[in-house]
Amino acid sequence: MHRAGSLFIVVALGGCGGARPLPPATDDLDLAGTAVVDHGPGRVDDDPPAAPAQPVALVAALDAVGPITAGTRIPDDLPALFPGDTLVPTTHLWDGRTESAIDVMRGDERLLAVFHDAAARLTGVWIYGAEVRTAWNVPVGTSHADAEAALGPLACVALALEDAGRAGCTAPTLDNVEFVLEPVGVWIPEPRPGASDPRDDADGRFIAAPRGPVAPVQLTKARVTRIVWWP
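Residues numbered from 1 in each chain as written. Predicted model: local features only at pLDDT ≥ 70, side-chain atom pairs only at ≥ 80, totals over all residues. Heavy atoms only, no water.

**Quick look at a nonpolar patch on the surface**
Then step 1. A surface patch of nonpolar side chains, about 190 Å² in accessible area, is lined by V186, I188 and I207.
Then step 2. Within the fold, V186 resides in strand β12 (residues 185-188).
Then step 3. A relative accessible area of 30% means that V186 is categorised as partly exposed. (Patch = residues over 30% accessible without salt bridge, like charges linked within 9 Å, V, L, I, M, F, W, Y side chains within 5 Å. Areas by Shrake-Rupley, 256 points an atom, 1.4 Å probe, with all protein chains shown as cover. Salt bridge = Lys/Arg side-chain N within 4 Å of Asp/Glu carboxyl O. Helix = DSSP H or I, 4+ residues; strand = E, 2+ residues; numbered from the N terminus. Buried < 20%, exposed > 50% of the residue type's maximum accessible area, 1.4 Å probe, protein only.)

**Quick look at the nonpolar core**
Then step 1. Formed by 39 residues in total, the largest nonpolar core has its most connected members in L112, V125, I127 and F179.
Then step 2. Once residues within four sequence positions are removed from consideration, I127 is found in contact with A60, V65, L111, L112, V132, V140, T225, R226 and I227.
Then step 3. By size, the runner-up hydrophobic cluster in this structure holds eight residues, among which are F115, Y128, V180 and V228. (Core = buried A, V, L, I, M, F, W, Y, C linked by side-chain atoms within 4.5 Å. Contact = heavy atoms within 4.5 Å.)

**Here we look at the packing of aromatic side chains**
Then step 1. Tallied over the full model, the rule gives six aromatic pairs.
Then step 2. Aromatic side chains W126 and Y128 sit 6.2 Å apart centroid to centroid with 75° between the ring planes, which places their arrangement in the edge-to-face category.
Then step 3. Judged by relative accessible area, W126 falls into the buried class, the value being 4%.
Then step 4. Classification of Y128 by relative accessible area gives buried; the value is 19%.
Then step 5. The ring of Y128 carries R110 above its face, with NZ or CZ at 4.0 Å from the centroid. (Phe/Tyr/Trp six-rings, centres within 6.5 Å; stacked < 30°, edge-to-face > 60°. Lys NZ or Arg CZ within 6 Å of the ring centre and 35° of its normal.)

**Focus: the pairing of strand β11 (residues 177-182)**
Then step 1. Sheet analysis places strand β10 (residues 167-170) next to β11, joined by three bridges and oriented antiparallel. Note on β11: the bridge partner recorded for A167 is L181.
Then step 2. Two elements, β11 and strand β15 (residues 223-229), share six bridges in a ladder whose sense is antiparallel. The residue of β15 that forms the bridge with V177 is W229. (Pairing = 2+ DSSP bridges.)

**A short note on the layout of surface pockets**
Then step 1. Taken as a whole, the largest pocket holds about 220 Å³ of empty space.
Then step 2. Residue assignment for the lining of the largest pocket shows that the elements contributing at least two residues are β4 (86-94), β11 and β15.
Then step 3. Taken together, the residues of the lining of the largest pocket sort by class into nine nonpolar, no polar and six charged. (1 Å grid on protein atoms, 1.4 Å probe; cavity = no way out; pocket = protein on both sides within 12 Å on 5 of 7 lines; lining within 4 Å. Points joined across faces, edges and corners; volume = space filled by probe spheres on them. Nonpolar A, V, L, I, M, F, W, Y, C, P; charged D, E, K, R; others polar.)

**Describing the sheet that holds strand β6 (residues 109-116)**
Then step 1. Spatial strand order, β4-β5-β6-β7-β15-β11-β10-β9-β14: nine strands in an open sheet with antiparallel pairing. In the strand order of this sheet, the two ends are held by β4 and β14 (212-213), each with one partner.

**Brief notes about the state of the cysteines**
Then step 1. According to the stated counting rule, one finds one disulfide in the structure shown.
Then step 2. Here C156 is linked by a disulfide to C169, with a sulfur-sulfur distance of 2.1 Å. Taking the sign of the torsion about the S-S bond as the criterion, the disulfide between C156 and C169, at about 115°, is right-handed. Here the residue C156 occupies a position in strand β9 (residues 155-158), and C169 occupies one in strand β10, the gap between them amounting to 13 residues.
Then step 3. Exposure remark for C156: the relative accessible area of 8% places this residue in the buried category.
Then step 4. Taking the relative accessible area as the measure of exposure, C169 reaches 0% and is therefore buried. (Disulfide = S-S within 2.5 Å.)

The structure is reproduced here in structure tokens:
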């Protein structure tokens, strides 16, 4: 790169009574007021590339689900709250009604469904991802027995319509949280031919519990598959 004080090429012009200096035959000047040609990446004066956005760690508590609180505007606030994740506008069936939501995707996994009304107000969150930790130590995937060990006895009601075979369970200490467990019902053993003990060697047939309160025996194989949170 040529800078001030470098060698100039001098050309004699007839009739001018002297010589006029011309700039060097290059476009790579770095003099004041002169643009520097961009030679592509690798230049020391290039801005460094922006670091990729890092997904946020999510913890569900009574007053928030990760960065989401009762005052979060949906969907306007979500891109800044979930850098590195994909936001997908969608609808979900909720007790027979179609509700607008934004799915928060991390790779191929759906972590959350964030529900909102026409005025962009948050109306609820469904937690789907097992990596979303909870302040009460009952994440998605927890068995019914382990959930009761952490929270005490749960009050469970079998659901219907699109949620047939599931139950909504609540704990007395969590007013705005419901756990959806499945499968909820009874297994009718169907012994395999020649089985020595039909109780231990059976395929079985599952019958979903009808809507209403369910007995603990109907929850023996059930696990948390969704957590519902209201602001």
